[in-house]
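One letter stands for each residue in the lines below.
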Amino acid sequence: MIKKGLFITFEGADGSGKSTQLKMAADYFKAKGFDVVCTRDPGGTALGSKIREILLHHDGKIATYCELFLYLADRAQHIEEKILPALEEGKTVLCDRYVDSTLAYQGYARGLDKEQIMKLNDIVAKSLMPDITFVFDVSTEIAEKRIGKTKDRLESEAADFHRAVRSGFLNLAQEYPDRIKVIDASQDINKVHYDTKEILDNYL
Ligand code: TMP
């Protein structure tokens, strides 16, 4: 495939505010005249929405590898049906979570082998990696407050799990400094957006 559009991913722990920042960044791109597609992982397609429902709301234990393969199954469909066609048409794709979430949650927090995750991801995602990835970083305590009382299956995990996710994202940012940019998401949302824009402007 010939990728013409930009692929940007928005990552962070639950409660980091990344989805709000994705919407603000989308408005910024649209104002500049870009043709923007906003999507999310998991759940970016009709089939993926059904997988997302299982992942976030299944009542009972999901085996760790079952969880991993459900995220990857969602991604396989998402890549083929939505992300690659949009990039081929030259659209800017903004995606709420992608492979770094799999590495942070299933790798760092659940303890699965990260190299193995990467190999499987390369198969389902046809080796597509983002041009830029933002990690919206916030303490586990602030994130917990932002999530509130109604929690899904992953949000209901213990604080130690969420701390492992957070440090996983920070480790990934150290490993891939050219691609992954960490933003202090404990700041006011407009300042977080400003910091995001600054990085985007430099990139563009
Ligand atoms: P969100 O889209 O509302 O952030 O919820 C998705 C949840 O799924 C979130 O808790 C992070 C988790 N997740 C993984 O555990 N692995 C993955 O590969 C992805 C994409 C998300």
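Just above sits the structure.
Just so you know, these numbers come straight off a predicted model, no measurement behind them.

1. Remarks on the packing of helix α2 (residues 46-57) against helix α3 (residues 64-88)
Then comes step 1: At their nearest, the axes of α2 and α3 sit 9 Å apart, and the two run at 160° to each other. Considered as vectors, α2 and α3 are oriented roughly antiparallel to each other. Crossing angle aside, the handedness with which α2 passes α3 is left-handed. The residues of α3 that touch α2, namely those facing L47, G48, I51, I54, L55 and L56, are E67, L70, Y71, A73, D74 and Q77.
Then comes step 2: Residue composition of the contact of α2 with α3, by class: eight nonpolar, two polar and two charged.

2. Concerning the layout of surface pockets
Then comes step 1: Size it by volume and the largest pocket reaches roughly 600 Å³.
Then comes step 2: Lining the largest pocket are 29 residues, and of these D14, K18, S19, D96 and R97 lie nearest its centre.
Then comes step 3: By residue number, the principal contributor to the lining of the largest pocket is helix α1 (residues 18-31), which donates five residues.
Then comes step 4: Split by residue class, the lining of the largest pocket holds eight nonpolar, nine polar and twelve charged.

3. Side note on the site of the ligand
Then comes step 1: The local shell around the ligand holds 14 residues, among which D14, Y71, R97, T102 and Q106 are the closest.
Then comes step 2: In the environment of the ligand, an oxygen atom lies 3.2 Å from a nitrogen or oxygen atom belonging to the side chain of K18.
Then comes step 3: With respect to the ligand, the side chain of R75 contributes an N or O atom lying 3.3 Å from an oxygen atom.
Then comes step 4: Burial of the ligand by the surrounding chains reaches 93%, relative to a free accessible area of 480 Å².
Then comes step 5: A molecule is said to occupy a pocket when more than half its atoms come within 2 Å of that pocket's grid points, and by this definition the ligand occupies the largest pocket.

4. Side note on the packing of aromatic side chains
Then comes step 1: All chains considered together, the criterion is met by eight aromatic pairs.
Then comes step 2: Taken together, a centroid distance of 6.0 Å and an interplanar angle of 35° make the contact between F134 and F136 tilted.
Then comes step 3: F136 gets classed as buried once you look at its relative accessible area, which sits at 1%.
Then comes step 4: Note that R75 overlies the ring of Y98, its terminal NZ or CZ placed 5.2 Å from the centroid.
Then comes step 5: Cation over ring: K114 sits above Y108, and NZ or CZ is 4.2 Å from the ring centre.

5. Structural notes on the packing of α1 against helix α8 (residues 189-203)
Then comes step 1: Relative to each other, α1 and α8 sit at 50°, their axes nearing to 10 Å. The angle between α1 and α8 falls in the class oblique. Seen from above, α1 lies across α8 with right-handed handedness. Facing α1, whose interface residues are T20, Q21, M24, A25, Y28 and F29, α8 presents I189, N190, V192, H193, T196, K197, L200 and D201.
Then comes step 2: In terms of residue class, the contact of α1 with α8 is made up of seven nonpolar, five polar and two charged.

6. What about the sheet that holds strand β1 (residues 7-12)?
Then comes step 1: Read from one edge of the open sheet, five strands run β2-β3-β1-β4-β5, paired in parallel fashion. Each edge of the sheet is formed by a strand with only one pairing partner; in this case those strands are β2 (36-40) and β5 (180-184). Neighbour-to-neighbour, the strand axes of this sheet turn through a mean angle of 20°, independent of strand direction.
Then comes step 2: Strand direction decides the pairing type here: strand β4 (residues 132-137) and β5, joined by five bridges, are parallel. From the neighbouring strand, V135 faces β5, where its bridge partner is V182.
Then comes step 3: Across the sheet, α3 touches β1, β2 and β3 (92-96), and the angle it forms with β2 is around 160°.
Then comes step 4: Contacting β1, β4 and β5, α8 crosses the sheet at an angle of about 160° to β4.

Cut-offs used in this document
Residues numbered from 1 in each chain as written. Predicted model: local features only at pLDDT ≥ 70, side-chain atom pairs only at ≥ 80, totals over all residues. Heavy atoms only, no water. Axes fitted to C-alpha atoms, helices over the stretch in contact; angles between N-to-C directions. Helix = DSSP H or I, 4+ residues; strand = E, 2+ residues; numbered from the N terminus. Parallel < 35°, antiparallel > 145°, perpendicular 65-115°, else oblique. Left-handed = near helix turned anticlockwise from the far one by under 90°. Contact = heavy atoms within 4.5 Å. Nonpolar A, V, L, I, M, F, W, Y, C, P; charged D, E, K, R; others polar. 1 Å grid on protein atoms, 1.4 Å probe; cavity = no way out; pocket = protein on both sides within 12 Å on 5 of 7 lines; lining within 4 Å. Points joined across faces, edges and corners; volume = space filled by probe spheres on them. Near = heavy atom within 4 Å. Polar contact = N/O pair within 3.5 Å; in protein donor to acceptor, adjacent residues only side chain to side chain. Areas by Shrake-Rupley, 256 points an atom, 1.4 Å probe, with all protein chains shown as cover. Sits in = over half its atoms within 2 Å of the grid points. Phe/Tyr/Trp six-rings, centres within 6.5 Å; stacked < 30°, edge-to-face > 60°. Buried < 20%, exposed > 50% of the residue type's maximum accessible area, 1.4 Å probe, protein only. Lys NZ or Arg CZ within 6 Å of the ring centre and 35° of its normal. Pairing = 2+ DSSP bridges.

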